[in-house]
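Here are the chains, one letter per residue:
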Amino acid sequence: MSLLSRLENAKVIVSAGTGGVGKTTVSAALGVLMARQGKKVLVLTIDPAKRLAQALGLDGPTFEPKQVEGIDGAKVGTLYASMIDAETIFDKFVDKFAPNANVVNQLKKNRLYQQLVTALTGSQEFTSMDRLLTEYEEGNYDLIILDTPPTQNAVDFLRAPQRIVQLFDERITKWFIRGGEKSSFISKIVSRGTHTALAALEKITGAEFISELSDFFEQMSFLQASVKERSRRVEGLLQKKETLFLVVASADQEKLREAKRFGESLKDYQFHLEGMILNRVYPEWFHQGKEMTSPSKFFGEVKDFYRSQMKAVEKFKSENPKLAIFSLMESDQPMNGLKDIVKLSRELEEI
Amino acid sequence: MIHFVSGKGGVGKSLTAASYAHALSQQGRKTLLVELGGSRFFEYIYGKSLGFEPTLVEQNLSLCLWDGETCLREYLEYLLKFSRIVDLFFDNTIMQALVHGAPGLKELALTGKITSRERKVGPSLPFEELVVDAYSTGHFLALLSAPLAMSKAISIGPMGSQSRAIHEVLSGPLVEYLVVVNPEELPLTEGLELARGIEKQTSRKPKWIKNRWWPPMEESEKGSLPQAFAEKWQSRRELQTQFDPGSEYETAIVLPQIWSHNNKDKIYSLASLWMKELRE
């Protein structure tokens, strides 16, 4: 079954994988491919490389979806691309879901928030998913492709909503509020233990840290209900039949193993893995036929390398017959504009 | 010394870091190769299960896997002495959420562990060289910036002074930053951004590891090559020589592309080149 026919009925495609495998380029090319099937497609990406952003017309200051010009095909649809703003990502989330302006102001005044919130665990992943949900629910597109933020470990992406929900847990806030505890027996026991821990934490971090941290969690707790609700809906969307996951990986042995493991963990979340795309398996010049012999020692080494890489991929395929695995070539030229994305989309059409 | 190895995803950070660690250990330095976060790259390569505590894989060379949570736990145990209180922190869901949720805490614990020997804080770390296979660009800069950011947010108390001390080590002469680049446009551009980011955060000048560099093309080879391959070779060579923004920073080493699928072989080949470089 071809990649195209596998993706035909998708409403959402999530392209996942570790950094440095060309995931964003592949996502953009999938967008072009599906637009050329007559669909109205949106590609959501976070922090693309400059060249790629330019190719998609995203080098301006806006984060609104923009139509990508210059795509033709038999049944021309439209392609939109949009960037998820990694810098102010959490600020925007707070603005959107805080119950009132006062909460927003209080939180943004907190020094821990000011200094460190851009690095907040899971915030990029969560806000990407939230953006996906917003676009999906507004229903302006036939298909949305989410290029996931690069993570050290692909599974981190899946854990992100859970982590962020934990962060807004009201129990943390309660934990920090000293004095005036409710008088039930259980809460007394909990607070005696937690008081000991809190005192210890204060001893090693200092009163100023504890007070800032406690304010931070208190302000965050105002966002709790909406965060829980959003995560629940994101999870629901990701579990839908029309939401397909693609893992993008390179052909390196360790990367293949990691990609396979990621595919397996998708099942634990009840997400649908539609296939694995192996990027840069063989170079473009590899199949150019007659000129393939040369006395150059270096060329010989390179050729042998790709030959055995292709063999290793074939072996991986035969060992994993249930996985739909697609191999892509490595372009001879660096990515230099929309025409290269279109070229890659033609390749995706063939596999 | 502490050696951080970073770069764009996919440039060969882990193999480069490992080969550097091998070379240092072969010079008789007691070396620890640290893998950060949840990646388990080296477990496959060395066929050993790795954990927080160093595992000896070769003479003078140990490997370990550090994450923020475990570092924080170890630090608390060291300071509090009573593991019952430490258990209280970690064995309940509230503290789990706190550890994951409090901004900067995990990053601070991790940088704290990495710099613990220089600061003489925490359990002893009996190694002379620490090679850290660090995160790629964005995550690495976030990790580096956490101690300074924390010390700006919290100026008084132990948290403030620890954060300042960590930042001082990270911006001092006992740390070396190595940025891995390949002769391709995106890794070069991102590598340069990363190098400048490191300098901004720490005032230290990082060094390049020029990885997967291709050799010059001989005149005699030129005519016999498939045209597309010759063009590709040419363009990589051009990028290699054009990488002049690189002159802002020194080059630690130039490593060729090793055309092998065996990652362990690759580590050994690259390590021998490091050895040569270190001797000079």
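The structure presented is a predicted model; accordingly, all values stated were derived computationally and were not measured.

By a frequent convention, interface size equals the accessible area lost on bringing the separate parts together. Taken together, the 63 residues of chain A in the interface contact 61 residues of chain B. Across the chain A/chain B interface, buried area totals approximately 5,700 Å², and carbon plus sulfur atoms make up 67% of it. Where chain A packs against chain B, one counts one salt bridge. Lys232 of chain B serves as the salt-bridge partner of Glu330 of chain A, at 3.6 Å between the closest nitrogen and oxygen. At the level of secondary structure, the elements contributing two or more residues to the side of chain A that touches chain B comprise helix H6 (111-116), helix H8 (154-167), helix H9 (170-176), helix H10 (185-205), helix H11 (207-221), helix H13 (253-268) and helix H14 (297-319) of chain A. Among the elements that take part in the side of chain A that touches chain B, H14 of chain A stands out by supplying nine residues, more than any other. Class assignment of the residues belonging to the side of chain A that touches chain B gives a composition of 26 nonpolar, 21 polar and 16 charged.

With 128 residues, the main nonpolar core has Phe209 of chain A together with Phe4, Leu36, Trp66, Phe140 and Phe229 of chain B as its most contacted residues. Two domains each put at least three residues into this core: domain 1 (3-86 + 124-159 + 238-350) and domain 2 (87-121 + 165-226) of chain A. Grouped together as the second largest cluster of nonpolar side chains are 41 residues, Leu30, Leu52, Ile71 and Met335 of chain A included.

All names here are of chain A. Parsing chain A into structural domains produces domain 1 (3-86 + 124-159 + 238-350) and domain 2 (87-121 + 165-226). Contact with domain 1, which involves ten residues of that partner, is made by seven residues of domain 2. Both sides of the domain 1 and domain 2 interface together cover about 760 Å² of buried area, and 53% of this is carbon and sulfur. At the surface where domain 1 touches domain 2, the tally comes to one salt bridge. At the surface where domain 1 touches domain 2, the tally comes to two residue pairs in polar contact (both at pLDDT 80 or more). Top element by residues in the side of domain 1 that touches domain 2 is helix H7 (residues 123-138). It accounts for five residues. In terms of residue class, the side of domain 1 that touches domain 2 is built from five nonpolar, three polar and two charged.

Before going further, it helps to spend a moment on the packing of helix H3 (residues 68-80) of chain B against helix H6 (residues 105-114) of chain B. Angle between the axes and distance between the axes are the two parameters that describe a pair of packed helices. All names here are of chain B. Running from N to C, H3 and H6 cross one another at 70°; their axes reach a closest spacing of 8 Å. Between H3 and H6, the interaxial angle falls into the category roughly perpendicular. The way H3 lies across H6 gives a crossing that is left-handed. Within the contact between the two elements, H3 uses Gly68, Glu69, Cys71, Leu72 and Glu74 and H6 uses Leu105, Lys106, Ala109, Leu110 and Lys113. Classifying every residue of the contact of H3 with H6 by side-chain character gives five nonpolar, one polar and four charged.

For the rest of this paragraph, the subject is H7 of chain A. All names here are of chain A. Taking 1.5 Å per residue as the helical rise, H7 with its 16 residues ought to reach 22 Å, and the 22 Å between its terminal C-alpha atoms agrees with that figure. Among the 16 residues that make up H7, twelve are buried, leaving the element largely enclosed by the rest of the structure. Turning to H7, its buried residues are Ser123, Glu125, Phe126, Thr127, Ser128, Met129, Asp130, Arg131, Leu132, Leu133, Thr134 and Glu135.

Our focus in this paragraph is empty space enclosed by the protein. Residues and elements named next belong to chain A. With the rule as written, the count across this model stands at three cavities of 30 Å³ or more. Taken together, the elements giving at least two residues each to the lining of the second largest cavity come down to strand E6 (243-250) and H13. Looking at side-chain class alone, the lining of the second largest cavity contains seven nonpolar, three polar and two charged residues.

Let's shift gears to the side chain of Thr111 of chain B. Residue and element names in this part refer to chain B. For Thr111, the position within the fold is in helix H6. Note on Thr111: relative accessible area 2%, which makes it buried. Discounting chain neighbours no more than four positions away, the residues touching Thr111 are Leu143, Pro147, Ile166 and Leu170.

We now examine the packing of aromatic side chains. One pass over the full model with this rule turns up 28 aromatic pairs over all chains. Ring plane angle 65° and centroid distance 4.8 Å describe the contact between Phe299 of chain A and Phe229 of chain B, whose orientation is recorded as edge-to-face. With Phe299 of chain A in helix H14 and Phe229 of chain B in helix H12 (residues 227-242), the pair connects residues from two separate chains. In this structure, Phe299 of chain A and Phe229 of chain B share a single accessibility class: buried. Between Phe4 of chain B and Tyr177 of chain B the ring centres are 5.4 Å apart and the planes differ by 5°, which places this aromatic pair in the stacked class. You can see Phe4 of chain B sitting in strand E1 (residues 2-7) and its partner Tyr177 of chain B sitting in strand E6 (residues 175-181), a full 173 residues away along the chain. Grouping residues by exposure puts Phe4 of chain B and Tyr177 of chain B together as buried. Between the NZ or CZ atom of Lys40 of chain A and the centre of the ring of Tyr141 of chain A, over which it lies, the distance is 5.2 Å. Geometry around Phe127 of chain B places Lys30 of chain B over its ring, the cationic atom sitting 5.6 Å from the centre.

The next thing to look at is the pattern of salt bridges. Residues and elements named next belong to chain A. This model, assessed by the stated rule, comprises 29 salt bridges over all chains. Close ionic contact of Glu319 with Lys315 constitutes a salt bridge, the shortest N to O distance being 3.3 Å. On the criterion of helical spacing, the pair formed by Glu319 and Lys315 is a turn pair, its members being four residues apart in helix H14. The exposure class of Glu319 is partly exposed, given its relative accessible area of 49%. Three or more residues joined by partner-sharing salt bridges are found here, namely Lys96, Asp130, Glu137, Glu229, Arg230, Arg232 and Arg233.

As a further point, take the sheet that holds E6 of chain B. Residue and element names in this part refer to chain B. Ordered by their spatial adjacency, eight strands build an open sheet running E3-E4-E2-E5-E1-E6-E7-E8, and the pairing between neighbours is mixed. Only two strands of the sheet have a single partner each, and these edge strands are strand E3 (55-58) and strand E8 (251-256). For this sheet, the mean angle separating the axes of adjacent strands, direction not counted, is 25°. Bridging between strand E2 (residues 31-36) and strand E4 (residues 61-66) involves six bridges; their strand directions are parallel. Looking across to E4, one finds that Glu35 is bridged to Leu65. Its contacts with the sheet place H6 against E1, E2, E4 and strand E5 (129-133), and it is angled at close to 165° to E4.

Rules used in this analysis
- Residues numbered from 1 in each chain as written.
- Chains lettered and ligands numbered in written order.
- Predicted model: local features only at pLDDT ≥ 70, side-chain atom pairs only at ≥ 80, totals over all residues.
- Heavy atoms only, no water.
- Contact = heavy atoms within 4.5 Å.
- Buried area = accessible area lost by both parts, 1.4 Å probe.
- Salt bridge = Lys/Arg side-chain N within 4 Å of Asp/Glu carboxyl O.
- Helix = DSSP H or I, 4+ residues; strand = E, 2+ residues; numbered from the N terminus.
- Nonpolar A, V, L, I, M, F, W, Y, C, P; charged D, E, K, R; others polar.
- Core = buried A, V, L, I, M, F, W, Y, C linked by side-chain atoms within 4.5 Å.
- Buried < 20%, exposed > 50% of the residue type's maximum accessible area, 1.4 Å probe, protein only.
- Domains from an automatic or database assignment.
- Polar contact = N/O pair within 3.5 Å; in protein donor to acceptor, adjacent residues only side chain to side chain.
- Axes fitted to C-alpha atoms, helices over the stretch in contact; angles between N-to-C directions.
- Parallel < 35°, antiparallel > 145°, perpendicular 65-115°, else oblique.
- Left-handed = near helix turned anticlockwise from the far one by under 90°.
- Expected span 1.5 Å × (residues − 1).
- 1 Å grid on protein atoms, 1.4 Å probe; cavity = no way out; pocket = protein on both sides within 12 Å on 5 of 7 lines; lining within 4 Å.
- Points joined across faces, edges and corners; volume = space filled by probe spheres on them.
- Phe/Tyr/Trp six-rings, centres within 6.5 Å; stacked < 30°, edge-to-face > 60°.
- Lys NZ or Arg CZ within 6 Å of the ring centre and 35° of its normal.
- Pairing = 2+ DSSP bridges.

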